[in-house]
Amino acid sequence: MSATLLLARRNLARNRVRLLASVGGVALALSLTLALDAIYAGVANQLTTYIDRAGADVWVAQGGVRNLHMVASTLPESVVDQVKAVDGVATVTPILEATDTVAAGDERAVAYVIGLPADASMGGPWEVVEGRGQVGPGEIVVDLAFARKAGVRIGDSVGVLGGEARIVGLSRGTASLVNSVAFVSIDDFRAMRGGAPVVSFVLVRVAPGASPEAVAADIERLVAGVTAQSRSTFVAQERRIVTDMSADVISIMSVIGFVVALAVVALTVHVATLARRREFGVLKALGARNRVLYRIVLVQAVLSVAVGYAIGLAFTGLLGFAVGRTDLNLELAVTADSLAKVGLFAAAIAGFAAILPIRQVAGVDPAVVFRRGAPA
Amino acid sequence: MTALTLDVRDVTKRFGDGETAVLAVRGVSLAVQPGEIVLIMGPSGSGKTTLLSMMGALLKPTGGSIRLDGTAISELSESRLPDIRLRQFGFIFQDFNLLSALSVLENVAIVAELAGLRGRAARDKATTLLTELGLAARLDFLPEKLSGGEKQRVAIARALINDPTLILADEPTANLDSKIGHEIMRLLRSIAKEQGRSVVIVSHDQRIRDIADRVLWLEDGAFKDIVTMATDPVCGMAVERERAVSAEKDGDTFFCCSRGCREEFLGGLREDGRADGRQPHGWSRLAGALRSRRRRASTTQSDAS
Ligand SMILES: Nc1ncnc2c1ncn2[C@@H]1O[C@H](COP(=O)(O)OP(=O)(O)O)[C@@H](O)[C@H]1O
Ligand SMILES: [Mg+2]
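To keep things clear, this report deals only with the structure shown in the data block. If you're wondering where the values come from, they're calculated on a predicted model, not measured in any experiment. Residue indices begin from 1 for each chain and proceed along its sequence in written order. To label them, take the chains in the order written and letter them from A, then take the ligands in the order written and number them from 1. Predicted model: local features are reported for residues with pLDDT of at least 70 only, side-chain atom pairs are reported and counted for 80 or more only, and whole-chain, interface and lining totals are derived from all residues. As a convention, hydrogens and water are excluded, and side-chain values are obtained from all of the structure's heavy atoms.

**Describing helix α1 (residues 2–14) of chain A**
The terminal C-alpha atoms of α1 of chain A, which comprises 13 residues, lie 18 Å apart, in line with the 18 Å expected from a rise of 1.5 Å per residue. Only protein chains enter the accessibility calculation, which uses a 1.4 Å probe; a residue whose area is less than 20% of its type maximum is buried, one above 50% is exposed, and one in between is partly exposed. Under the scheme used here, helices are H or I runs from DSSP no shorter than 4 residues and strands are E runs no shorter than 2 residues, and both carry numbers assigned from the N terminus. Listing the buried residues of α1 of chain A in full gives Ala3, Thr4, Leu6, Leu7, Ala8, Asn11 and Leu12 of chain A. For α1 of chain A, the elements touching its buried residues are α2 (16–53), α8 (277–286) and α9 (290–325) of chain A together with α3 (104–114) of chain B. A helix is expected to reach a length of 1.5 Å times the quantity of its residues less one. It only takes one pair of heavy atoms within 4.5 Å for two residues to be counted as in contact.

**Brief notes about the interface of chain B and chain A**
Each partner contributes to the interface: chain B provides 35 residues, whereas chain A provides 31 residues. Buried surface at the junction of chain B and chain A, both sides included, amounts to about 2,900 Å², of which 59% is carbon and sulfur. Definition used for salt bridges: Asp or Glu carboxyl oxygen within 4 Å of a side-chain nitrogen of Lys or Arg. Seen at the junction of chain B and chain A, the total is four salt bridges. One salt bridge connects Arg14 of chain A with Glu144 of chain B, and the closest N-O pair in it is separated by 3.2 Å. Counting of polar contacts relies on pairs of N or O atoms within 3.5 Å, with two restrictions inside protein: one atom must be capable of donating a hydrogen and the other of accepting it, and residues adjacent in sequence are counted only when both atoms are side-chain atoms. For the interface between chain B and chain A, the tally reads nine residue pairs in polar contact (both at pLDDT 80 or more). Listing elements by their share of the side of chain B that touches chain A, those giving two or more residues are α1 (48–55), α2 (81–88), β6 (89–92), α3 and α5 (148–160) of chain B. Ranked by residue count, the leading element in the side of chain B that touches chain A is α3 of chain B, at five residues. All residues other than Ala, Val, Leu, Ile, Met, Phe, Trp, Tyr, Cys, Pro, Asp, Glu, Lys and Arg, Gly among them, are scored as polar; the first ten of these are nonpolar and the last four charged. Broken down by class, the residue content of the side of chain B that touches chain A amounts to 17 nonpolar, eight polar and ten charged. Throughout, the accessible surface (probe 1.4 Å) given up by two parts as they are put together, summed over both, is called the buried area.

**Some details on the site of ligand 1**
Residues in close proximity to ligand 1 include Arg371 of chain A together with Phe15, Val22, Ala24, Pro43, Ser44, Gly45, Ser46, Gly47, Lys48, Thr49 and Thr50 of chain B, which together make up its full environment. When at least one non-hydrogen atom of a residue lies within 4 Å of a molecule or strand, that residue is treated as near it. Residue neighbours of ligand 1 fall on chains A and B, so the site bridges chains. Interatomic distance of 2.7 Å between a backbone N/O atom of Gly45 of chain B and an oxygen atom of ligand 1. At 2.7 Å from an oxygen atom of ligand 1 is found a side-chain nitrogen or oxygen belonging to Thr49 of chain B. Using a 1.4 Å probe, the Shrake-Rupley method yields the accessible areas, and only the shown protein chains count as cover for residues. Calculation on ligand 1 without its partners gives an accessible area of 550 Å², and the protein chains cover 61% of this total. Contributions of two or more residues to the shell around ligand 1 are made by β2 (22–32) and α1 of chain B. Take the shell around ligand 1: its biggest share by element is three residues, from α1 of chain B.

**A short note on the packing of aromatic side chains**
Pairing of aromatic side chains requires ring centres within 6.5 Å, counting the rings of Phe and Tyr and the six-membered ring of Trp. Pairs whose planes differ by under 30 degrees are stacked, by over 60 edge-to-face, and all others tilted. Under the counting rule described, the total for this entry stands at twelve aromatic pairs over all chains. With centroids separated by 6.0 Å and ring planes inclined at 80°, the aromatic side chains of Tyr50 of chain A and Trp59 of chain A adopt a geometry described as edge-to-face. Per residue, the accessibility class of Tyr50 of chain A equals that of Trp59 of chain A, and both read buried. Their ring planes at 70° and their centres at 5.3 Å tell us that Phe258 of chain A and Phe345 of chain A sit as a pair that is edge-to-face. Of this pair, Phe258 of chain A sits in helix α7 (residues 231–275) while Phe345 of chain A sits in helix α10 (residues 336–355), placing them 87 residues apart in sequence. Taking relative accessible area as the criterion, Phe258 of chain A reaches 19% and is therefore assigned buried. What links up through ring pairs into an aromatic cluster is the set Tyr50, Trp59, Trp126, Phe183, Phe201 and Phe234 of chain A. Lying over the aromatic face of Phe141 of chain B, Arg138 of chain B brings its terminal NZ or CZ to 5.0 Å of the ring centre. Ring-over charges, as used throughout, are those where CZ of Arg or NZ of Lys falls within 6 Å of the ring centre and within 35 degrees of the ring normal.

**Here we look at the side chain of Ser74 of chain B**
All names here are of chain B. Within the secondary structure layout, Ser74 lies in the loop between β5 (71–72) and α2. A distance of 3.0 Å separates a polar atom in the side chain of Ser74 from the backbone nitrogen of Ile66. There is a polar contact of 3.5 Å between the side chain of Ser74 and the side chain of Glu75. Discounting residues that sit within four places of it in the chain, Ser74 has contacts with Lys60, Pro61, Gly64, Ser65 and Ile66.

**Remarks on the packing of α1 of chain A against α3 of chain B**
Axis angle and axis distance: for two packed helices, these are the angle between their axes and the distance between the axes, and together they describe the pair. Two elements in contact, α1 of chain A and α3 of chain B, have axes separated by 8 Å at closest approach and are oriented at 135°. It follows from the interaxial angle that α1 of chain A and α3 of chain B lie oblique. Here Ser2, Ala3, Thr4, Leu6, Leu7 and Arg10 of chain A of α1 of chain A come into contact with α3 of chain B, specifically with Glu106, Ile110 and Glu113 of chain B. Considered class by class, the residues forming the contact of α1 of chain A with α3 of chain B number four nonpolar, two polar and three charged. In this description, a line fitted to the C-alpha atoms serves as the axis of each element, helices being fitted only across the stretch in contact, and the angle between N-to-C directions of two axes falls anywhere from 0 to 180 degrees. By definition in this entry, angles of less than 35 degrees are roughly parallel, angles greater than 145 are roughly antiparallel, angles of 65 to 115 are roughly perpendicular, and the rest are oblique.

The following block contains the structure:
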């Protein structure tokens, strides 16, 4: 009913302070959750960037190892040929991987160091902005942002894995908030680690038309002591490191935000209803049913929450933009899941806030119209 | 006329219980005919508003029945009442009671929408009605921008929008100056006489007697014989002769509501050269009072039903 909608909107707009309080409260509370979600999603994105961009359809790791980070995978080199022999496997690239630091002068930064074979068809840097992406003995490719910060350029030497390597290429998109990815030759890597004939992962590209999941299952069946996962499974697995870590923090903050927003909206809707008691009485006397009045209250709650949600979203977007302009390697990723979750929160807030004044509205006596009050 | 519009039978209203109970209306009966204008007068607190609220299905009587074209609306469940209020009654209030956030047009259209008209049709109907009431230039105004008379005309348009059988008005002219009040009274009269709607007005305003077909006097919750009433020549209030402060002037007896009015009345006559701005007003009131005194002499209508 358009006129009641209009009335709800006008009533809301008429009291600027109240509107500001409710919309602001909702915006603040919802953007708390949205921004936290976005930060963690951004971190998770960064965490999985290498898996996403390495170019492998299937990742083969030591039996039981399902993550890239926080665990170590060690496979005998002989596994590489066994994997290659599995039906549906087109090409393979073994890599070594370790968390270490890259040091240049006083600058020392945490890096995931990847050891690449000379003929690697996967696993190398995906966007080289200067120099080259292939690494031979004594060479290294480092992240552009790291190089800028450390004040090093192509040809300079950096310390890595207890030795030295000369920069031959600078890559982009290989840095996150806490670390970057550096690429060295697999032979150097192995030598610095004592020379044992091992690899960390075998990256697999499947034959055209083959399903990564099916090939991964075949590899696990045919090659002893390995865990093989398709890229998407591996990424999902990796994201869980972040989500498991952040779940509690986000839950607590979301609950706080929810309660704050609910309290603010419920209070303002309640006060707005109280303030309009007489007008509700007039509407009742004119023949409006209770449900028409409920609708007015509900629309007011929904409108304040919807506007608050939109502002919260805009604020989070703005925050992401601002963070992107700093030299923090932090990315805010607003995901569809997060939008849906916070949207659901918002709907629940509006719903609950509108329940509270129901008794009040139902209790409005239409006979108030004849009692003297503030003239309209 | 055979069809009864509204039939109030032996209606009682008690507020509260036990010691503190107030019997606001005691066994009142009244039948309102189609097209009839009934004026209910009486002192403050006599139960006029309570009676009007019950007649308009806004308040349930404690005893007795109220029938609208044969349907006992006093017996209906709460869920049936909104439709009756919406389609059978039009309310007019002293305070106008317009919705402050809505424009003139919206204030009227919303009531048509409540009755089921779609937005566009409701607005068209409201526009037509408001135009007839001379408010065409005010459609988009907020109530706060209107004069009292305009507000009351908007309220009248709102009361009429769903073609009600009955118009119930509580002190419709109390917040208006006398010229505008007169206009509103004429409007109410034409609504009754040209559109055949019944109009029940509760008022202190003696001038409304001019347009009423019937005047009833409510006191202590019951109708009393109106013949004993007189009009205060200064403030215009209806006063009971036995309780009034009387004033003798030029061989005539006048009845005043208070000593203050009596002194003003006598003083005004004595110092007739004084130009205090209130005098002409007092004089016209006096003229009105004399006129109604004459008419009352021929009125025998004291039976409330
Ligand atoms: N809701 C109520 N609760 C208790 N007493 C009431 C209520 N409404 C009216 N009364 C009492 O009923 C009596 C009649 O009131 P009312 O109908 O407003 O008189 P009037 O309109 O003639 O001035 C008064 O004594 C008033 O105090
Ligand atoms: Mg009253």
